[in-house]
Amino acid sequence: MMKFYGPLKISPQNRPKSGLPNRLQKLLFTPYRIELKQTEDELYKFRHFFLDSPWPILVTDTLSNVVYANPAWEKLTGYKLTQISGEKPTFLNSGKTPPEVFKKIYDHLTHGKNYSTEEVINRRKDGTEFQIHATYFPIKKGNRNFYFVQSFHDITERKKHEETREKYTQLIKYSNDAIFSISTDYKIESVNPAARKLYGYTTKELVGKSPNILMPPGKEKVLLQAFQNSTKKYINFEMEKITKDKRIINISTTISPIYGSNKKLFGYSLIHRDITEMKKIDQMKKTFLSSVAHEIKTPITTLKLMLQIQKRLLLAEKIDLPKINTSLKTIDHEFNRLTQLINDLLDLTRLENGRFTLTEEFFDLKELVNETVTKIRLIYDAKSVITAKINSIYIFADRIRIEQVISNLLINAIKHSHSKEPVELTIEIHPHRVVIAIRDKGSGIDRKHLASIFDQFYQVRQNSDGFGLGLYICKTIIKLHRGKIWVRSKADHGSTFFFSLPLKIQNTKSGDKKILKNN
Ligand code: ADP
């Protein structure tokens, strides 16, 4: 029988040259003089198990002093047994292993139990780190722990792969584009959340099906053709698709072949980006451009006609005052329309070029409102607008742009008021913001239009007086001021347009202005 002895205490003085404690050295490397051939074989196997093992193995005594490390361990860590024998293996510590992991290992070993973990990150002699799958187990003599063995398995590469895979998984999960993986026989294998959201199907309803489930009826062949054309290189094209609730949407589609490391075609990635909104705006722009040309031509024709009438009257020396007055009014109206159109167009191009900037200053909103209302009353009617009592309130904003918003909302309200009821403007002052409301008792806006009313080119009735740009520009101006704009309206019951602006100055009772910090 092989004999074991108690744990070894090694002091630097009695450390043997080989780095191994004498007793273990004897056990492992010295031909052990015993009579039984069977025992010799056992010893040989035992010795070679350590020496030849591809798994790095470290043996410590129960006080955690190194007593043995095999060549695989030396190779992995860069340390030589002769250098570390008798030391505590804290030199491996990278500082990245949570202390509670060491505590768990120690608790298990001292209670005579095995413990495996992947949480240990160690440091080599050259400073590089490696992550291990480590198994710790005690060698016992009877009930007493004798040695502790650590067997490692380097999992750095595997962890790196896992991390990369996890990153790709998250990338696909949080992508805004719908992503499908498609098998070589053109079946959906997996889908991301954006794909489910875009088409309204569940994963179960899509997986295993042909991507033709997303094609409008009669267009199924096109997709198959596209897959066949993309076995070598990705292809990108635009296509109409159909959602579960039968909505047709415009999709920018990319199909890319996926090849494995053995150059074998694995399948395809299918990426869908919803461009319906983009297409709609594009179409609106086209309609807008043709209507702009038309809109410019109409007032010019009218202006020319009016001027010819004036000229004829002058030449005939007929002073027909009512006629002159009517044609002057028409000229004025048409000029106003042209000016408004040109201003809106200029604002739109500034917005598109990112050149729409604010020139902010401190001013009294009460004064601005009064000035704007006076101008509007001159153009429309003295009774067109009423204002509730307004207090002075200083704001830090672009005076001209805020005037533009107020007059735009007032003119819209007047234009849509059929009755003689005036438009009402009120101002509410809150601790951190001021809210301006413009209320009319006019036609109101149907519910279905309310969500889009502030969109670019959106009009409730096309070919009305404007171009669907006024409210969009108002929204942009208010957003640039970090304010909000919204509407409450009911068809046939009138509308109230609100906008709020943050207050950056405190208006004290004495009328002094105290500047608050800009946010
Ligand atoms: P436009 O210059 O074409 O009037 P706007 O952006 O100012 O464009 O307005 C968008 C749409 O909102 C218009 O088509 C108009 O019908 C509707 N609208 C705006 N203000 C009101 C209002 N006070 N009452 C009813 N409809 C309104």
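Nothing here was measured: the structure is a model prediction, and the numbers come from that model.

Describe unusual backbone geometry, with residues and values.
Negative phi characterises most residues that are not glycine, and trans characterises most peptide bonds. The backbone of Tyr186 shows a phi angle near 60°, a positive value even though the residue is not glycine. Tracing the backbone shows Tyr186 in the loop between strand E6 (178-183) and strand E7 (188-191). The backbone of Asp492 shows a phi angle near 70°, a positive value even though the residue is not glycine.

Can you explain the site of the ligand? Please cite residues and give values.
Around the ligand lies a shell of 19 residues, among which Asp440, Gln459, Val460, Gly468 and Leu471 are the nearest. In this structure, Ser495 approaches the ligand through a side-chain N or O atom, which is 3.5 Å from a nitrogen atom. Computed on the free molecule, the ligand has an accessible area of 540 Å², of which 96% lies beneath the protein chains in the complex. Taken together, the elements giving at least two residues each to the shell around the ligand come down to helix H13 (399-415), helix H15 (470-480) and strand E17 (494-502). Taken together, the residues that form the shell around the ligand break down as 9 nonpolar, 9 polar and 1 charged.

Tell me about the confidence of the model for the protein, and name the residues and values.
For the protein, mean pLDDT is 84; residues scoring 70 or higher make up 87% of the total. Across residues 1-12, confidence stays below pLDDT 50; counting only partners more than four residues off in sequence or on other chains, it has 29 contacts.

An account of the sheet that holds strand E5 (residues 144-154) is needed here, citing residue identities and associated values.
The sheet built from 5 strands is open, its strands ordered E2-E1-E5-E4-E3 with antiparallel pairing. Whereas interior strands pair on both sides, the edge strands pair on one side only; in this sheet they are strand E2 (66-69) and strand E3 (115-123). Neighbouring strand axes in the sheet, compared pairwise and without regard to direction, differ in orientation by 30° on average. Note: strand E1 (residues 57-61) against E2, 3 bridges, orientation antiparallel. In the sheet register, Thr60 faces E2, and the bridge partner there is Val66. In the packing of helix H5 (residues 99-110) onto the sheet, contacts are made with E3, strand E4 (129-141) and E5, and the angle to E3 comes to roughly 135°. Together, E3, E4 and E5 form the strand contacts of helix H6 (residues 156-174), whose direction differs from that of E4 by roughly 130°.

Help me get a handle on the sheet that holds E6, residues and values and all.
In space, the 5 strands of this open sheet follow the order E7-E6-E10-E9-E8, with antiparallel pairing throughout. The sheet terminates laterally at E7 and strand E8 (235-242), the two strands that pair on one side only. If you compare each strand with its neighbour and ignore which way they point, the axes differ by 30° on average. Bridge count between E6 and E7: 3 bridges; the pairing is antiparallel. Counted as the bridge partner of Phe180 is Val191 from E7. Lying over the sheet, helix H9 (residues 220-228) contacts E6, E8, strand E9 (248-259) and strand E10 (265-274), oriented at roughly 160° with respect to E8.

A description of the packing of aromatic side chains should follow, citing residues and the corresponding values.
A full pass over the atoms with the stated rule returns 9 aromatic pairs. Arranged with centres 4.6 Å apart and planes meeting at 55°, the rings of Tyr79 and Phe91 form a pair that is tilted. Residue Tyr79 is located in the loop between helix H3 (71-77) and helix H4 (81-84), and its partner Phe91 is located in the loop between H4 and H5; the two are separated by 12 residues in the primary sequence. Taking the relative accessible area as the measure of exposure, Tyr79 reaches 13% and is therefore buried. Relative to Tyr199, the ring of Phe180 has its centre 6.2 Å away and its plane inclined at 55°; by these criteria the two rings are tilted.

I'd like to hear about the pairing of E10, residue by residue, with values.
Relative to E10, E6 runs antiparallel, the two being bridged by 6 bridges. Bridged to Ile182 within E10 is Tyr268. Counting the residues between successive antiparallel strands, the hairpin from E9 to E10 contains 5 residues, one of them, Lys263, with a positive phi of roughly 65°.

Reading the values: the criteria
Residues numbered from 1 in each chain as written. Predicted model: local features only at pLDDT ≥ 70, side-chain atom pairs only at ≥ 80, totals over all residues. Heavy atoms only, no water. Helix = DSSP H or I, 4+ residues; strand = E, 2+ residues; numbered from the N terminus. Near = heavy atom within 4 Å. Polar contact = N/O pair within 3.5 Å; in protein donor to acceptor, adjacent residues only side chain to side chain. Areas by Shrake-Rupley, 256 points an atom, 1.4 Å probe, with all protein chains shown as cover. Nonpolar A, V, L, I, M, F, W, Y, C, P; charged D, E, K, R; others polar. pLDDT = per-residue confidence, 0-100. Contact = heavy atoms within 4.5 Å. Pairing = 2+ DSSP bridges. Axes fitted to C-alpha atoms, helices over the stretch in contact; angles between N-to-C directions. Phe/Tyr/Trp six-rings, centres within 6.5 Å; stacked < 30°, edge-to-face > 60°. Buried < 20%, exposed > 50% of the residue type's maximum accessible area, 1.4 Å probe, protein only.

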